[in-house]
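Survey of secondary and tertiary structure
The primary structure of each chain is shown beneath.
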Amino acid sequence: MHNELSFPSIALSFAGGLALFLYGITVMSGGLKKAAGSRMRDFIARITDNRFSGLLAGALATMMVQSSSTIMVMLVGLVQSQLMTYVQALSIMLGAEIGTTAMAQLIAFRIHEYGLPVFAAGFALNLLSRREALRNAGEALYGFGLFLFGMSLMSGAVVPLRSYEPFLKLLGYMENPLYSVLAGMLLTALMQSSGAFIGIVITLAQQGSLSLEAGIPLLLGANIGTCITATLASIGTMRPARRVALAQVLFNVSGVAVFLFLIPWYADFVRMLSPAAGVPGTAIPRQIANAHTFYNVFMAVMFLPLISFWAKLLIRLIPDSPEETRLRPSVWYITNSALSTPSLALSYARAETVRMNRILERMAGALLPAFTGNPAAGDTLFPELSLAGGIGMREEKIDFLESKMSDYLIAISRQELGERESREVFALMAIVKDQESIGDSIEALLQKLTGRSPEASMSLTEEGMADLSALHAFLCGEVAGLTGAVQEMGAARASAIVHGADDFSVLAAEAEVRHLQRLRRLPESAMTHDRHMELLHAFEEMHHYCKSIARSIMNAGSQ
């Protein structure tokens, strides 16, 4: 009988079912993320320091997108962009570990026979609906149908193997907890989906091929293997973001290290809470699903009170780097504790605005060398960064500070202010917006470096470079002058910048005329025309924002 087994047929059926199963998970997760992804990110980003709300939010978010890996990658991104601290991310990570058990609970119900009707309903909803929300729901539903149908194919494929001695011997190795943990870890890491691997485990259990004692270590290994996604996402990020990925690894490894020696007793505990009565063939799959849920809930509840200790341990393992701290966006002066004293808060806000302008000075100074020279050359302050990399790093700082400053200035405006203080608050609001616009202009111009060879960038004519250098020097002087003007909020300095604007306009107009004249007599000028005009217009745009900042300072000082 055993010799009559058609292994190619079994392998093809199982592989086809696995492909549909994995593709279904991908489609379902994609539909759910389209429906709730951006809102979910905003929701998670607003989580406060309350660890219990973080736990619930992580569980809810993972249940909604059906992917703990997606939530972990999102957390790494939020911490990297400083929209969340790594300590806040820890409680959400614990919640995500709980939320990922919902898939196993769903799979344990024998509903895979209904895969095709569910697929048909979802496909019809996606095809016929005009509303985007319903189309996304339909996509998630037909992905779920494919997922169930894939399970059905895998389940049918392994039926002939239930009495095949070599297959049973192979499964016998899974009774060794260490082998099972390693197998679960490696296969989950390859699939990059613990839900997919657990689905396979439950499918084998539904066919009577896997015992609870063999299934539990596979689940433990899957919990470690799923860490691979966040670990890969954290490569190249700042240290706080790397701590989030390390936290997930430590959480799951420590849990497995404890439970690995308690599997027989844990299996008895699960059986006691998961009676075998019901539809034949559902007892062990339900017990495996419950074992997964009980384990993750227990570990999350145990670790939640230890978050502060855990955070200190992560700092010891991945300590802050002074150099990296300087590269990371952060506020230096503004603090909420000063809001009760508006004059003090306003002085802090002005100091932060001055700092923003000093950052712009370095960006503006590096712009012409980066655009017309070698953008890979080293940054003057951070030699490990290229000129282009230094500009990009500072643009991130400007964007971050503009957001923080706008919120801070709005908070100041709600306090009891005098007339002059009110004018300064609203002037600073306008100034930080213009500062961000200057940063965006520099970043947009630098984006045009992509795909351009260094040889092409050196082909600007000598006369053209002289004109652009004169405009660049004038512009850098304006930005530097604004630093002092903002520091003093002095109308005199600001007025000098506004009145000197005519000189820039004259220089720019003369430079453009000379460039057009060169186009007639020098063929090489035609080759660099686009680049020359891009720089010229970018300088004019930045000059416009400098004038706007100067006028805001003048308005703040007017009576």
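For the structure, see preceding data.
Residues numbered from 1 in each chain as written. Predicted model: local features only at pLDDT ≥ 70, side-chain atom pairs only at ≥ 80, totals over all residues. Heavy atoms only, no water.

Description of the overall build of the protein
- Helix and strand counts for the protein come out as 26 helices and zero strands.
- Counting only residues that meet the buried cut, the protein has 51% of its 559 residues in that class.
- In the structure as shown, the protein presents an accessible area of about 25400 Å², 63% of it carried by carbon and sulfur atoms. (Helix = DSSP H or I, 4+ residues; strand = E, 2+ residues; numbered from the N terminus. Buried < 20%, exposed > 50% of the residue type's maximum accessible area, 1.4 Å probe, protein only. Areas by Shrake-Rupley, 256 points an atom, 1.4 Å probe, with all protein chains shown as cover.)

Structural notes on the pattern of salt bridges
- Tallying each qualifying case throughout the model produces eight salt bridges.
- Close ionic contact of Lys433 with Glu402 constitutes a salt bridge, the shortest N to O distance being 2.8 Å. Linking Lys433 in helix H20 (residues 419–447) with Glu402 in helix H19 (residues 387–413), this pair joins segments that are 31 residues apart in sequence.
- If you follow the salt bridges from partner to partner, you end up with Glu213, Asp268 and Arg271 in one network. (Salt bridge = Lys/Arg side-chain N within 4 Å of Asp/Glu carboxyl O.)

Quick word on the environment of Ala300
- Examined against the element boundaries, Ala300 turns out to sit in helix H15 (residues 283–303).
- Measuring from C-alpha to C-alpha, the distance between Ala300 and Leu94 comes to 5.3 Å, with 206 residues separating the pair along the chain.
- Setting aside its immediate chain neighbours within four residues, Ala300 contacts Leu55, Leu94, Ile98 and Phe251. (Contact = heavy atoms within 4.5 Å.)

Concerning the side chain of Thr353
- If you trace the backbone, Thr353 turns up in helix H18 (residues 342–372).
- Classification of Thr353 as buried rests on a relative accessible area of 0%.
- Ignoring anything within four residues of it in the chain, the contact list for Thr353 reads Met405, Leu428, Ile431, Val432, Gln435 and Val486.

Overview of the packing of aromatic side chains
- The final tally for this structure, using the stated rule, is 13 aromatic pairs.
- A ring pair is formed by Phe119 and Phe123, whose centres lie 6.0 Å apart and whose planes are at 25°; its orientation type is stacked. Of the two residues, Phe119 and Phe123 both sit in helix H6 (residues 115–128), four residues apart, roughly one turn of that helix.
- Pairing Phe251 with Trp310 gives two aromatic rings, centres 6.2 Å apart and planes at 40°, and the pair type is tilted. With a gap of 59 residues between them, Phe251 in helix H13 (residues 239–259) and Trp310 in helix H16 (residues 307–317) connect regions that are remote in the sequence.
- Among the residues examined, Trp310 registers a relative accessible area of 4% and is labelled buried.
- Clustering of aromatic rings is evident, with ring pairs tying together Phe259, Tyr266, Phe269, Phe294, Tyr295 and Phe298.
- Positioned over the ring face of Trp332 is Arg355, at 4.1 Å from the centre of the ring. (Phe/Tyr/Trp six-rings, centres within 6.5 Å; stacked < 30°, edge-to-face > 60°. Lys NZ or Arg CZ within 6 Å of the ring centre and 35° of its normal.)

As for H18
- A rise of 1.5 Å per residue sets the reference length of H18, with its 31 residues, at 45 Å; its end C-alpha atoms lie 46 Å apart and thus fit the reference within 8%.
- Most pronounced at Ala366, the bend in H18 amounts to some 30°, and the proline Pro369 follows within four residues. (Expected span 1.5 Å × (residues − 1). Bend = angle between axes of the 7 residues up to and from the residue.)

What to know about the packing of helix H9 (residues 177–191) against helix H11 (residues 212–225)
- Across the interface, H9 lies against H11 with an axial gap of 6 Å and an inter-helix angle of 40°. Put simply, H9 runs oblique to H11. For the pair H9 and H11, the sense of crossing is right-handed. From H9, Pro177, Ser180, Val181, Ala183, Gly184, Met185, Thr188 and Ala189 reach across to H11, where they touch Ala214, Pro217, Leu218, Leu220, Gly221, Ala222, Ile224 and Gly225.
- Residue classes in the contact of H9 with H11 are distributed as 11 nonpolar, five polar and no charged. (Axes fitted to C-alpha atoms, helices over the stretch in contact; angles between N-to-C directions. Parallel < 35°, antiparallel > 145°, perpendicular 65-115°, else oblique. Left-handed = near helix turned anticlockwise from the far one by under 90°. Nonpolar A, V, L, I, M, F, W, Y, C, P; charged D, E, K, R; others polar.)

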